[in-house]
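Listed here are the chains, written in short residue letters.
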There are 2 protein chains.
Amino acid sequence: MSTPLRLRYRLRVGAGENAERRAAHLAREQTLEAPEGVVPPEIEARALGRVEGVAPRADGAFEVTIAYPVEATGRELPQLLNLLWGNVSLQAGVRVEAVEWPAELLAAFRGPAFGVDGLRRLCGVERRPLTATALKPLGLSARELARRAAECALGGIDLVKDDHGLADQSWAPFRERVLLVHDQVERANRVGGGSTLYAPNLTGPVDRIGERVELLAELGVRAALVAPALIGVDLMRSLAESSGVALIAHPAFAGSLVGAEQGLAPELLFGDLWRLAGADAVIFPNAGGRFPWTYDDCRAIERRLAAPLGELDPAFLMLGGGIDAAGLAAWVPRYGPDTIWLVSGSLYLRGDLRRAAAEMAAVVAATPARFGSPA
Amino acid sequence: MSTPLRLRYRLRVGAGENAERRAAHLAREQTLEAPEGVVPPEIEARALGRVEGVAPRADGAFEVTIAYPVEATGRELPQLLNLLWGNVSLQAGVRVEAVEWPAELLAAFRGPAFGVDGLRRLCGVERRPLTATALKPLGLSARELARRAAECALGGIDLVKDDHGLADQSWAPFRERVLLVHDQVERANRVGGGSTLYAPNLTGPVDRIGERVELLAELGVRAALVAPALIGVDLMRSLAESSGVALIAHPAFAGSLVGAEQGLAPELLFGDLWRLAGADAVIFPNAGGRFPWTYDDCRAIERRLAAPLGELDPAFLMLGGGIDAAGLAAWVPRYGPDTIWLVSGSLYLRGDLRRAAAEMAAVVAATPARFGSPA
């Protein structure tokens, strides 16, 4: 068989369960889904996952390695997701820790359409980390959101995105909001000489996304926010291939997939998979904010967004989730330069939004990121 | 404010955490996502979730009730999912136990296009539970899958579906498989006088689903399998509104959303939400099979698929996940009649597939379901 798709699992077995047997069931569940003895040997040889190793770990669980034939994925993203985490998502004590991606499979995906270099070009920033803020809160009018966007742009923030909860509510409907915010950001760019990028929230009903993408194209909006777990990760892939805008992926609704005992490793989902599915930047809550993730989690995702992955471009890690602007000078050196600092609430708390934005931009510009590429 | 969208949570707080404060943060996280003090009072009044109750539970956790304004959902499914389980999916110790659905919100969704009555009409079965089997395994040729489908149809199985791992692999590509299986099932229906329904697996790349739906329409295929967590639940909603086929929803990849300590209650996800999103039948692993779910879990889902939910039609619960045909006579009376019994592996183990299918069909036809509608 050609190079297989190799998955490394952490498997926790119950009392009286046999790890080798659980591993064999796992390989079967994710492929043939049929009991032993009913599948002709030549079909098992071509399609069944093959258990390559079952070894005890120090934590009492087992490390299981299973090799799957690439053809079982059909080289399509939904079936790849199914192979990785389909039926097994309904079982207990299984975590996918890492994937070895065969080149043959990666070649079926284009990954980020812009990637780090492309997004840097859109923002006009060569080397340093980028700055970003979210337009919020839900409930404001489109005019007021646009005013805030202009202030942030005049303050020199690189990227202004819709909050991910801004959909098509009557308070600030999608079309009106995008028209007004885009207009104000463009005006601020002309006045202030900046090149702030606006990313509206494209997360919405699948049968309305086409017309929304057309509006972006018409206006010349070059980036958008999507929440892959809300619209489907394969729709993000499709948008990356065809929308013409850089995609910033938001983790809303995806947190349940990355449990400590059951799920996918965060760096596998938010690193490998979302990059493969076309995210140019992936938002994740930084350690020390409103969410219980650690610095190690964040660094692991950063590494997977940057590491070699076939011919796919690297993507930015966008760190948010309640970062205080006052803490940025300490945080920036702890990550590499291909990082976007997403600060919102603490800017608003400062009162003068333009000034708060300018100070934040200055801090990030003046603070050296961790040397070289993240590793 | 009009009738709100009311969510009942189970909240587990850490040592030193205050439950009232966590609840207030939760309401804020899912709406304004901005710290106290920066949002004008009139915006908080219109958009912020309102904590209605925080009460200790016997298990040491807290029952929290939060009322959200319907307008915050924008009456769109992705934003509704975001409100229910967006950012909070990245936190710890939160479980959404139940939702009170305001009529105003339900009116924005059509739900099942066929529902229980429509799917019964397609199968020509008035009152009893239905029987189903999955074509498998992955790796077989389309011809062999079609031969098996014919055997099951001749045996009198009501519904024959693709296994959810059958995508567009070269072993049995989508188009070839659908053509051959449909042809064989139709032929078996003519020969045997039955009306077996074939449901191919439509789960696939979002930009190829349109052409696949067209193929179904061209052939007169009236049902399809989709895995909402693999293609996006909103795509299922769109297919329910426009595809013209009855939709059977598979839970692959969705298991992580229904954790015992963190997530959505299974009956909320697989009951309310998937029904609202257009599933005519929802597959869930029966108790006692290969998966660790209980009879109570299954019954709770059954109830939510049948309970009044605005003007939405009820949907079938399809029980699978390793049911042994030999156990059916004992299981059938434990559920209501609007149940579909999905048995595959144990039929194949019997060798003579047509005979095994006929015996299964006879058992289900002869065994009274729990009296009346599930309650």
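A short tour of the structure in this document, coming up. Small disclaimer: the values here were computed from a predicted structure and weren't measured.

### A look at the overall build of chain A
- Along its length, chain A carries 15 helices and 13 strands.
- If you line up chain A on its principal axes, its C-alpha atoms span 70 × 40 × 35 Å.
- Evaluated residue by residue, chain A yields a buried proportion of 65% over its 375 residues.
- Pairs at least 24 residues apart make up 72% of the contacts formed inside chain A by residues separated by at least 6 positions.
- A total accessible area of about 12,900 Å² is found for chain A, and carbon and sulfur atoms account for 49% of it.
- Taking the average place of the 40 positive charges on the side chains of chain A and the average place of its 45 negative ones, the gap between the two points comes to 5 Å.

### Remarks on the relation of the copies chain A and chain B
- Each copy superposes on the other: chain A lies on chain B with an RMSD of 0.0 Å after a rotation of 180 degrees and an axial shift of 0.0 Å. In the structure described here, the two chain copies are related by an operation that fits a two-fold rotation axis. Considering only C-alpha atoms, the residue of chain A closest to the rotation axis is Gly232(A), which sits at 2.0 Å.
- Of the residues that chain A buries at the interface, 100% are likewise interface residues in chain B, meaning the two copies contact each other through the same surface.

### A look at unusual backbone geometry
Residues and elements named next belong to chain A.
- Backbone torsion omega between lysine 136 and proline 137 reads 0 degrees, so that peptide bond is classified as cis.
- Residue placement: proline 137 occurs in the loop between β5 (130-135) and α6 (142-155).
- Here the phi dihedral of arginine 75 falls at roughly 55 degrees; this positive angle occurs in a residue that is not glycine.
- Since its relative accessible area comes to 28%, arginine 75 is described here as partly exposed.

### Focus on the sheet that holds strand β10 (residues 263-264) of chain B
All names here are of chain B.
- Judged by pairing direction, the sheet is mixed, and its five strands sit side by side in the order β2-β3-β1-β4-β10 without closing on themselves. Every other strand in the sheet has two partners, leaving β2 (50-56) and β10 as the edge strands with one partner each.
- Sitting on the sheet, helix α3 (residues 77-85) is in contact with β1 (5-11), β3 (62-68), β4 (94-100) and β10, with an inclination near 125 degrees to β4.
- Across the face of the sheet, helix α11 (residues 266-276) comes into contact with β4 and β10 while running at roughly 35 degrees to β4.

### Points about the sheet that holds strand β12 (residues 316-320) of chain A
All names here are of chain A.
- Read across the open sheet, the eight strands follow the order β7-β6-β5-β13-β12-β11-β9-β8; overall the sheet is parallel. The open sheet is flanked by β7 (197-199) and β8 (223-226), the only strands paired with a single partner. The mean inter-strand angle of the sheet, taken between neighbouring strand axes irrespective of direction, is 25 degrees.
- Bridge analysis of β8 against strand β9 (residues 246-249) gives four bridges, and the strand direction is parallel. Across the sheet, alanine 224 pairs through a bridge with leucine 247, a residue of β9.

### Examining the nonpolar core
- With 236 residues, the main nonpolar core has Trp101(A), Trp274(A), Trp101(B) and Trp274(B) as its most contacted residues.
- Ignoring sequence-local partners within four residues, the contact set of Trp274(A) consists of Pro228(A), Ala229(A), Val233(A), Met236(A), Ala249(A), His250(A), Pro251(A), Ala254(A), Leu269(A), Ala279(A) and Val282(A).

### Focus: the interface of chain A and chain B
- Across the boundary between the two partners, chain A contributes 74 residues, which contact 74 residues of chain B.
- When chain A packs against chain B, close to 6,300 Å² is buried across both sides, 61% of that on carbon and sulfur atoms.
- Taken together, the links from chain A to chain B amount to ten salt bridges.
- Residues Glu33(A) and Lys136(B) are paired through a salt bridge, measuring 3.5 Å at the closest nitrogen-oxygen approach.
- For the pair chain A and chain B, the interface holds 44 residue pairs in polar contact (both at pLDDT 80 or more).
- Going through the elements one at a time, α2 (41-47), α3 (77-85), α8 (206-219), α9 (228-231), α10 (233-242) and α14 (345-348) of chain A are the ones with two or more residues in the side of chain A that touches chain B.
- Per-class residue counts for the side of chain A that touches chain B are 36 nonpolar, 21 polar and 17 charged.

Definitions and cut-offs
- The residue count restarts for each chain, going from 1 along the sequence in the order it is written.
- Numbering of ligands from 1 and lettering of chains from A proceed in the order in which they are written.
- Totals for whole chains, interfaces and linings use all residues, but because this is a predicted model, local features are given only for residues with pLDDT of at least 70 and pairs of side-chain atoms are given and counted only at 80 or more.
- In computing side-chain values, all of the structure's heavy atoms are included and hydrogens and water are not.
- Secondary structure elements are defined from DSSP: runs of H or I of at least 4 residues count as helices, runs of E of at least 2 residues count as strands, and each element is numbered from the N terminus.
- Think of it in three bands: residues with accessible area under 20% of the maximum for their type are buried, residues over 50% are exposed, and the middle band is partly exposed, with areas taken using a 1.4 Å probe on protein chains only.
- Here, residues are in contact when the closest pair of their heavy atoms is within 4.5 Å.
- Each accessible area value is a Shrake-Rupley result obtained with a 1.4 Å probe; residue values ignore everything except the protein chains displayed when judging cover.
- A residue counts as positive if it is Lys or Arg and as negative if it is Asp or Glu; His and the chain ends are not included.
- By convention, the charge on Lys lies at NZ, on Arg at CZ, on Asp at CG and on Glu at CD.
- Alignment of copies: least-squares fit on C-alpha atoms of residues with pLDDT of at least 70 in both copies.
- Two strands make a pair as long as DSSP finds a minimum of two bridges between them.
- Inter-axis angles, ranging from 0 to 180 degrees, are taken between N-to-C directions of lines fitted to C-alpha atoms, where helices are fitted over the stretch in contact.
- Buried Ala, Val, Leu, Ile, Met, Phe, Trp, Tyr and Cys residues form a nonpolar core when they are joined through side-chain atoms within 4.5 Å.
- The term buried area denotes the loss of accessible surface (1.4 Å probe radius) that occurs when two parts are joined, taken as the sum for both partners.
- For salt bridges, the criterion is a side-chain nitrogen of Lys or Arg within 4 Å of an Asp or Glu carboxyl oxygen.
- As used in this structure description, the phrase polar contact means that two N or O atoms lie within 3.5 Å; if the pair is within protein, one of them must be able to donate a hydrogen and the other to accept it, and residues adjacent in sequence are counted only when both atoms belong to side chains.
- Amino acids are sorted into nonpolar (Ala, Val, Leu, Ile, Met, Phe, Trp, Tyr, Cys and Pro), charged (Asp, Glu, Lys and Arg) and polar (every other residue, Gly among them).

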